[in-house]
Amino acid sequence: MVLLSGGLDSAVLAADEAETSTVYPVYVAAGLAWEEGEQEIVRQLLNRPPLAGRTRPLARLEFTMRDIFAPTHWAITGKPPAYDTPDEDVYLHGRNVALISKAAVYAATQNVSRIALAPLAGNPFPDATPEFLSAFSRALSLGLNMRIDIAAPFSRLHKADVIKRGAALGVPFELTLSCMNPTGTLHCGLCSKCRERRDAFAEAGIHDPTIYVNQSPR
């Protein structure tokens, strides 16, 4: 099972996993501003090589955060912090806790024991650490009465490395969405996720096919 947000990292992860296994793609909707665009891009992505015909149908689950975050929260309003802000400024409390919990319950109903997600090297968030994922795997295995392994295969890779892997797998990068304020399925070009994406393509030395609605503020 792969937590597939439609972002660049999870798209490459799904393609990588599909090399050796049939993938169960899962999208967990939490009521955040960018999810409509993500879900549309996921539908398109799954109908194109290298994923077409190599996954089970997409499972869309819900685990709302709208009763946790204030209506003025940037993730609800779609007004993320500025272009050059650090990852810490876009921290969402319990993001992986919620996503993995819902996916794990679904996995148990499908008799699937492995859940893969795509945190990268340098991820600063507490619910992306190896210690947390290992402990959470044990807790979920106990609570669901079956083995649940939470895997983070890209945890030692940086985004440029992931792009190189995606290029080798034939992932259509134009059908990925790594943006906190998209216009439909187009990148805003002004948020820190768009900055990370631009910088990573440049570092990888691979053409960036992304359409950015706005030019970077640099």
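Heads up: the structure comes first, above all this text.
If you're wondering where the values come from, they're calculated on a predicted model, not measured in any experiment.

Caption draft 1: Fine view of the packing of helix α6 (residues 159-169) against helix α7 (residues 192-204). For the pair α6 and α7, interaxial distance at closest approach is 8 Å and the crossing angle is 65°. On the basis of the axis angle, α6 is roughly perpendicular to α7. Between α6 and α7 the crossing geometry is right-handed. Two secondary-structure elements touch here, α6 through K159, A160, I163 and K164 and α7 through E196, R197, A200, F201, E203 and A204.

Caption draft 2: Local environment of the side chain of E196. Take E196: it is sitting in helix α7. Apart from residues lying up to four places away in sequence, E196 is in contact with D87 and K159.

Caption draft 3: The arrangement of the packing of aromatic side chains in detail. Evaluation of the coordinates by the stated rule reveals four aromatic pairs. We note R198 situated over the ring of Y212; from NZ or CZ to the ring centre the distance is 3.9 Å.

Caption draft 4: Examining the environment of A18 more closely. Summarising the element assignment, A18 is placed in helix α1 (residues 8-18). Assessed through its relative accessible area of 7%, A18 is described here as buried. Sequence separation of A18 and F201 is 183 residues, and the distance between their C-alpha atoms is 23 Å. Excluding its chain neighbours within four sequence positions, the residues that come into contact with A18 are V23, L51 and R54.

Caption draft 5: Summary view of the packing of α1 against α6. In contact at an axis separation of 9 Å, α1 and α6 are set at 45° when each is read in the N-to-C sense. Between α1 and α6, the interaxial angle falls into the category oblique. Crossing hand, α1 versus α6: left-handed. In this structure, α1 uses L8, D9, V12, A15 and D16 to contact α6, whose residues at the interface are K159, V162, I163, R165, G166 and L169. Split by residue class, the contact of α1 with α6 holds six nonpolar, one polar and four charged.

Caption draft 6: Expanded view of unusual backbone geometry. P49 connects to P50 through a cis peptide bond whose omega is 10°. Note on placement: P50 falls in the loop between α2 (35-46) and β3 (59-62).

Caption draft 7: Up close: α1. The element α1 is largely enclosed, with a buried count of eleven among its eleven residues. What α1 keeps buried is the set L8, D9, S10, A11, V12, L13, A14, A15, D16, E17 and A18. On the buried face of α1, the contacting elements are β1 (2-3), α2, β4 (114-116), α6 and α7.

Caption draft 8: Focus on the nonpolar core. Within the largest apolar cluster, 49 residues are counted, with the highest numbers of intra-cluster contacts made by V12 and L32. For this core, the secondary structure elements donating two or more residues are α1, β2 (25-29), α2, α3 (74-77), α6 and α7. Considering every element that reaches this core, the biggest residue donor is α1, with seven residues. Those residues in contact with V12 that sit more than four places away from it in its chain are F154, V162, R165, G166, L169, V171 and F173.

Parameters and conventions
Residues numbered from 1 in each chain as written. Predicted model: local features only at pLDDT ≥ 70, side-chain atom pairs only at ≥ 80, totals over all residues. Heavy atoms only, no water. Axes fitted to C-alpha atoms, helices over the stretch in contact; angles between N-to-C directions. Helix = DSSP H or I, 4+ residues; strand = E, 2+ residues; numbered from the N terminus. Parallel < 35°, antiparallel > 145°, perpendicular 65-115°, else oblique. Left-handed = near helix turned anticlockwise from the far one by under 90°. Contact = heavy atoms within 4.5 Å. Phe/Tyr/Trp six-rings, centres within 6.5 Å; stacked < 30°, edge-to-face > 60°. Lys NZ or Arg CZ within 6 Å of the ring centre and 35° of its normal. Buried < 20%, exposed > 50% of the residue type's maximum accessible area, 1.4 Å probe, protein only. Nonpolar A, V, L, I, M, F, W, Y, C, P; charged D, E, K, R; others polar. Core = buried A, V, L, I, M, F, W, Y, C linked by side-chain atoms within 4.5 Å.

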